[in-house]
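Examining the three-dimensional arrangement
Here are the chains, one letter per residue:
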Amino acid sequence: MLAAFVVVAATIGVSLALRPGCDGICEQVGFTLYAAALPISAVFAFFAGELPLAWPLDVTFWVIVSFVLGRIAERKHMSVGAVVVRALVLAVVFGFSIALFLESVDA
């Protein structure tokens, strides 16, 4: 579920963000999905002012997060699905918050 979210959100987010004529809500949704799926790339975009794809770092980030989520689910006696859904909600909130700063990025 986590990997599917990352792949789909990154693909849709980058496609929307780089599409000509995508303004307003379209641009906001694109940057939100981009930042939610590729958080390390989004931080680079925040500081660099461009739209980079640092996918090796993003993959490493999500692999580490998946191990941590498994440990959290085990320790708190929760289902893995519930923990992953909470992590995805946090990722979308992060994506939305950083997308507010990425709207002015020239892609």
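Residues numbered from 1 in each chain as written. Predicted model: local features only at pLDDT ≥ 70, side-chain atom pairs only at ≥ 80, totals over all residues. Heavy atoms only, no water.

Non-glycine residue H77 carries a positive phi angle of around 55°. Locating H77 in the fold gives a position in the loop between α4 (55-75) and α5 (80-102). (Helix = DSSP H or I, 4+ residues; strand = E, 2+ residues; numbered from the N terminus.)

On to the packing of aromatic side chains. All told, the structure shown has three aromatic pairs when counted by the stated rule. With a centroid separation of 4.9 Å and an interplanar angle of 80°, the aromatic rings of F46 and F47 are classed as edge-to-face. Judged by relative accessible area, which is 66%, F47 ranks as exposed. Both rings, one in F61 and one in W62, keep their centres 5.2 Å apart while their planes meet at 80°; by these two values the pair is edge-to-face. Site record: aromatic cluster; members linked through ring pairs are F46, F47 and F101. (Phe/Tyr/Trp six-rings, centres within 6.5 Å; stacked < 30°, edge-to-face > 60°. Buried < 20%, exposed > 50% of the residue type's maximum accessible area, 1.4 Å probe, protein only.)

Let us look at the confidence of the model for the chain. On average, residues of the chain score 90 in pLDDT, and 95% of them reach the 70 mark or higher. Here helix α3 (residues 39-48) stands out as the element of the chain with the lowest mean pLDDT, 90, in contrast to α4, whose mean of 94 is the highest. (pLDDT = per-residue confidence, 0-100.)

Following both chains from N to C, one finds helix α2 (residues 25-37) and α3 inclined at 120°, their axes separated by 5 Å at the closest point. In terms of their interaxial angle, α2 and α3 are classed as oblique. The segment α2 lies against α3, with Y34, A35, A36 and A37 engaging P39, S41, A42 and A45. Here the residues of the contact of α2 with α3 are counted per class, giving seven nonpolar, one polar and no charged. (Axes fitted to C-alpha atoms, helices over the stretch in contact; angles between N-to-C directions. Parallel < 35°, antiparallel > 145°, perpendicular 65-115°, else oblique. Contact = heavy atoms within 4.5 Å. Nonpolar A, V, L, I, M, F, W, Y, C, P; charged D, E, K, R; others polar.)

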